[in-house]
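Architecture at a glance
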Amino acid sequence: MQRKVLDLFTSRGILVTAQAGERLLDSKDPLSNAEQVLAALPEGTLFLTHDVIDGILGPSPPPPKEEEEVQESPVSAEPPAGGEEKGGERNEEEEEWEEKGEEADIELGGRERGGEGKEHPHLLDLNGIPDGTADFPARGLGSNLEVTFDITGCSTSSGDISGFQHYFKDRYSTLREMIRKHRGYSPAAKISQLDPHAAELRLIGMVKECSTTKAGNKMVDLEDDTGVITVFIPKDSDLARTTLVHDEVIGVAGKRDNRGGLRAEEIVFPDIPIGRKRKKAEYPVAAAFCSDIHVGSDTFLGEAWKRFVEFMRGSGGDEEWAGLIKYLVVAGDLVDGIGIYPKQEEELVIHDIGKQYEELARLFSYLPDHLEIILMPGNHDAVRPAEPQPALAAPLQEIFTDHGVNARFLSNPSSFSLEGVKVLAYHGRSMDDLLSAVPGLTYEHPLEAMRIMLQRRHMAPIYGSKTPLAPENEDHMIIRDIPDIFVTGHVHSAGMELYRGVLLINSSTWQDQTSYQKMHNFNPVPAKLPVVNLQSLECRVFDFL
Ligand code: FE
Ligand code: ZN
């Protein structure tokens, strides 16, 4: 019940405070009360508080009359209903741990478990960090940031069936056009119009199903808007080693087989054309990339952050790099959030989402004033979980303005150019799906997953897995415009690599290993800062651990 009630709100991007959650769940008919509250909420509501509910349903009912008896009765020794329900579901929840972008409650359990003791953390002291004496060329620069894609305020998602039809139609036709640019594919016919007498076939389709026969051969069902065809890939062919994922669009050439299918001789992906010229800034200026700060978590690496602030202010060494940094791109998971995974409250030092952003703004306020900070959400942030995720809402943005932080708030994903250099920034949740679908891919090597995205020209090719995708009229997860820099976070790893002229960056984390990661034997690579000189395209990864 708790899950159902909370899902009503969180699926619309509304966060339910602990008190509000208790108020609803303690009421006589939680579900119908929740529906009533939801219907009465003004559009754009971000937080559901106790007071708001009182305003809609009337004041809370008085506490139970038999107070003394409750204290003495053995029943009172048991956890309250909400806690019990949570406990009962635990095993199931633990299986799905990372999938819970949707659940937003929160402190219901935390306060019962005595999490309150951690509610007033000792804040990281950043006072007294001196500015370096070196000349900072970036200080005199104006901003040269141009946003080319941002979903905020432009979402067309209605969530109904026709939305999904539009979405898939756009995915197929856009990627088909990209494949038609490959040699030989421009005349590719639709599946139902393939010439029945032609021995050689060439077509473009979406991967519907992949299977391996008993003999080890691969069978792939390809689909377009006119029909389905089975593609046969013999196990001894080189193509048998090609990675294929559900819902991606590929081109296939081969010979017709006697069962009406096709025996593949070539497979092409939309991919990035080779020989592209990389764009450069006209003067020396640099961009730094980070993500997954997870402010609010008890594993946030404060001391490393302090060294990062020293570096940025020119008193921590490497001033020739620090002095060029004009832009800081933060690719999501700004804060740890609340209710993202079971028992998260036990690992939080800040239990209020607003206060987590408050603390993040304070941390940023110690960075140099000339810095332009680009902030986008990830799956831990307080926006709708379905991608593309809009930018942080206005009340949260104001927290940064109030702290004097020069920030731009963009969606996840978003595209923009810095000094003419095109950046595509995506938090990277779909890597969870790619890593579980593709044998050999691991969290330690996220650049491999990013390369798959570029080859597929799609940031979340697999549909209907852990990554919630909003059925927009257009598929905004398609990589339409080829970036010069493609950055992701999410996997708490770090690395840089060039793929066909696109610089891939995975931007580390500021969170130490969590108990969940420990349990899964995952070692994060925290407190690294990839920096790119946008004029020379020279790159460096700084380490603050
Ligand atoms: Fe993260
Ligand atoms: Zn994440």
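That block above? That's the structure.
Attention in this report is confined to the structure presented alongside it. (Residues numbered from 1 in each chain as written. Chains lettered and ligands numbered in written order. Predicted model: local features only at pLDDT ≥ 70, side-chain atom pairs only at ≥ 80, totals over all residues. Heavy atoms only, no water.)

**Quick word on the overall build of the chain**
In plain terms, the rule: Numbered from the N terminus, helices here are DSSP runs of H or I no shorter than four residues, and strands are runs of E no shorter than two. All accessible areas in this document rest on Shrake-Rupley with a 1.4 Å probe, and a residue is counted as covered only by the protein chains that are shown.
Within the chain, the regular secondary structure consists of 16 helices and 19 strands. Looking at the chain as shown, the accessible area adds up to about 24100 Å², and 49% of this sits on carbon and sulfur atoms.

**Description of the coordination of the zinc ion (ligand 2)**
Octahedral six-donor coordination of a metal ideally yields angles of 90 or 180 degrees, compared with 109.5 degrees for tetrahedral four-donor coordination. Stated formally: Counted as coordinating are nitrogen, oxygen and sulfur atoms within 2.8 Å of the metal, or 3.2 Å for Na, K and Ca, while water is not included, which may make sites look incomplete. Angular criteria define each label, namely tetrahedral for four donors with all angles between 85 and 135 degrees, square planar for four and octahedral for six donors with opposite donors over 155 degrees apart and remaining angles between 65 and 115, and irregular for whatever fails these tests. Only protein chains enter the calculation, and the probe is 1.4 Å; a residue is then buried if its accessible area is under 20% of its type maximum, exposed if over 50%, and partly exposed in between.
Surrounding the zinc ion (ligand 2) are the protein donor atoms Asp 333 (OD), Asn 379 (OD1), His 427 (NE2) and His 490 (ND1), which sit 2.1 to 2.2 Å from the metal. Classification of the site at the zinc ion (ligand 2) rests on its four donor atoms, whose angles at the metal span 86 to 157°, yielding the label irregular. Separation of the zinc ion (ligand 2) from the iron ion (ligand 1) amounts to 3.4 Å, with Asp 333 serving as a shared donor to the pair. Residue Asn 379 is found in the loop between β11 (372-376) and α13 (394-402), and its partner His 427 is found in the loop between β14 (421-426) and α14 (431-437); the two are separated by 48 residues along the sequence. Across the pair, His 427 and Asn 379 agree in class, each one buried.

**Observations concerning the coordination of the iron ion (ligand 1)**
With distances of 1.9 to 2.3 Å, the protein atoms coordinating the iron ion (ligand 1) are Asp 292 (OD), His 294 (NE2), Asp 333 (OD) and His 492 (NE2). In this structure, the iron ion (ligand 1) is coordinated by four donor atoms arranged in irregular fashion, with angles at the metal of 86 to 177°. We note that the donor set of the iron ion (ligand 1) lies within a single chain, spaced as D-x1-H-x38-D-x158-H.

**Some details on the packing of helix α12 (residues 353-364) against α13**
Under the convention used in this document: Comment: axis = line fitted to C-alpha atoms, over the contacting stretch for helices; angle = value between 0 and 180 degrees taken between N-to-C directions. What makes a crossing left-handed is the near helix being turned counterclockwise from the far one by less than a right angle; a clockwise turn instead makes it right-handed. Throughout, a contact is declared for two residues whenever any of their heavy atoms are within 4.5 Å. Residues are grouped as follows: nonpolar covers Ala, Val, Leu, Ile, Met, Phe, Trp, Tyr, Cys and Pro; charged covers Asp, Glu, Lys and Arg; every other residue, Gly included, is treated as polar.
Viewed as axis vectors pointing N to C, α12 and α13 meet at an angle of 30°, and their least axial separation amounts to 8 Å. Handedness of the α12/α13 crossing: right-handed. Contacts from Gly 354, Tyr 357, Glu 358, Leu 360, Ala 361 and Phe 364 of α12 reach α13 at Leu 396, Ile 399 and Phe 400. Class assignment for the residues of the contact of α12 with α13 results in seven nonpolar, one polar and one charged.

**Some words on the pairing of strand β5 (residues 218-223)**
For clarity, the cut-off: Any two strands with at least two DSSP-identified bridges between them are counted as paired.
Relative to β5, strand β4 (residues 200-212) runs antiparallel, the two sharing six bridges. Of the residues in β5, the one forming a bridge with Ser 211 is Met 219. Once β4 ends, the chain turns through five residues before running back antiparallel as β5, passing Gly 216 with a positive phi of about 95°. Sheet analysis places β5 next to strand β6 (residues 228-233), joined by six bridges and oriented antiparallel. Counterpart to Lys 218 in the pairing with β6 is Ile 233. In this antiparallel pair of consecutive strands, β5 and β6, the connection spans four residues.

**Regarding the nonpolar core**
How we decide: Residue types Ala, Val, Leu, Ile, Met, Phe, Trp, Tyr and Cys, when buried and joined through side-chain atoms within 4.5 Å, form a set referred to as a nonpolar core.
If you look at the biggest cluster of nonpolar residues, it comprises 55 residues, and the most contacted ones within it are Trp 305, Leu 328, Phe 364, Phe 400 and Leu 529. Apart from the residues lying within four places of it in its own chain, the contact partners of Trp 305 are Leu 124, Leu 126, Ile 293, Phe 300, Leu 363, Phe 364 and Trp 510.

**As for the packing of aromatic side chains**
As a reminder, the rule being used: Between rings of Phe, Tyr and Trp, where Trp is taken as its six-membered ring, a pair exists when centres lie within 6.5 Å; planes separated by under 30 degrees are stacked, by over 60 edge-to-face, and by other angles tilted. In our convention, an over-ring charge means Lys NZ or Arg CZ found within 6 Å of a ring centre and within 35 degrees of that ring's normal.
This structure, assessed with the given rule, holds 17 aromatic pairs. The interplanar angle of 70° and the centroid separation of 5.0 Å between the aromatic rings of Phe 168 and Tyr 463 together place this pair among those described as edge-to-face. With Phe 168 in helix α9 (residues 161-180) and Tyr 463 in the loop between α15 (446-456) and β15 (485-488), this pair connects stretches of sequence that are 295 residues apart. Note on Phe 300 and Trp 305: the rings are 6.1 Å apart at their centroids and 55° apart in plane angle, and the pair reads as tilted. A network of ring pairs unites the aromatic residues Phe 300, Trp 305, Phe 308, Phe 311, Trp 321, Phe 364, Phe 400, Phe 409, Trp 510, Phe 542 and Phe 544 as a single cluster. A cation over a ring is seen here: Arg 259 above Phe 232, with NZ or CZ 5.4 Å from the ring centre. Here the basic side chain of Arg 456 rests over the ring of Phe 269, its NZ or CZ set 3.9 Å away from the ring centre.

**Here we look at α15**
Taking burial as the measure, the 11 residues of α15 include nine buried ones, the bulk of the element. For α15, every residue scored as buried is listed here: Pro 446, Leu 447, Ala 449, Met 450, Ile 452, Met 453, Leu 454, Gln 455 and Arg 456. Those residues of α15 hidden inside the fold are in contact with α9, β14, α14, β15, β16 (494-499) and β17 (502-507). In the stretch just after α15, Arg 457 is the one whose phi turns positive, near 50°.

**What to know about the packing of helix α3 (residues 30-40) against helix α4 (residues 50-57)**
So the rule is basically this: Comment on the angle field: the value is read as roughly parallel under 35 degrees, roughly antiparallel over 145, roughly perpendicular from 65 to 115, and oblique elsewhere.
The interhelical angle for the contact between α3 and α4, taken along N-to-C directions, is 95°, at an axis separation of 10 Å. Our classification of the angle between α3 and α4 gives roughly perpendicular. On α4, the residues that touch Asn 33, Gln 36, Val 37 and Ala 40 of α3 are Ile 53, Ile 56 and Leu 57.

**A short note on the pattern of salt bridges**
Which entries qualify depends on this criterion: The term salt bridge refers to a side-chain nitrogen of Lys or Arg lying within 4 Å of a carboxyl oxygen of Asp or Glu.
Counted under the stated rule, the structure contains 20 salt bridges. Of the charged contacts, one joins Asp 318 and Arg 540 as a salt bridge, the two residues approaching to 3.2 Å between their closest N and O atoms. With a gap of 222 residues between them, Asp 318 in the loop between α10 (302-312) and α11 (319-322) and Arg 540 in strand β19 (residues 539-543) connect regions that are remote in the sequence. One salt-bridge network, in which partners are shared between bridges, spans Glu 200, Lys 255 and Glu 265.

**Concerning the sheet that holds β6**
Here we have five strands rolled up into a closed barrel, ordered β4-β5-β6-β8-β7, and mixed in their pairing. Strand-to-strand twist across the sheet, computed as the mean angle between neighbouring axes with direction ignored, equals 55°. One ladder, built from two bridges, connects β6 with strand β8 (residues 262-268); its direction is parallel. Paired with Phe 232 across the two strands is Arg 263, which belongs to β8.

**Describing α12**
Selection rule: Here, expected helix span is obtained from the residue count minus one, scaled by 1.5 Å. Whenever two N or O atoms come within 3.5 Å, that pair is a polar contact, provided that in protein one can donate a hydrogen and the other can accept it, and provided that, for residues adjacent in sequence, both atoms are side-chain atoms.
The terminal C-alpha atoms of α12 lie 17 Å apart, and with 12 residues this matches the ideal 16 Å at 1.5 Å per residue to within 8%. Counting buried residues along α12, 10 of its 12 residues qualify, which places the element largely inside the surrounding structure. Every buried residue of α12 is accounted for by Ile 353, Gly 354, Gln 356, Tyr 357, Glu 359, Leu 360, Ala 361, Arg 362, Leu 363 and Phe 364. The backbone nitrogen of Gly 354 lies 2.8 Å from a side-chain oxygen of the residue at the head of α12, namely Asp 352.

These results come straight from atomic positions and should not be treated as a statement about function.
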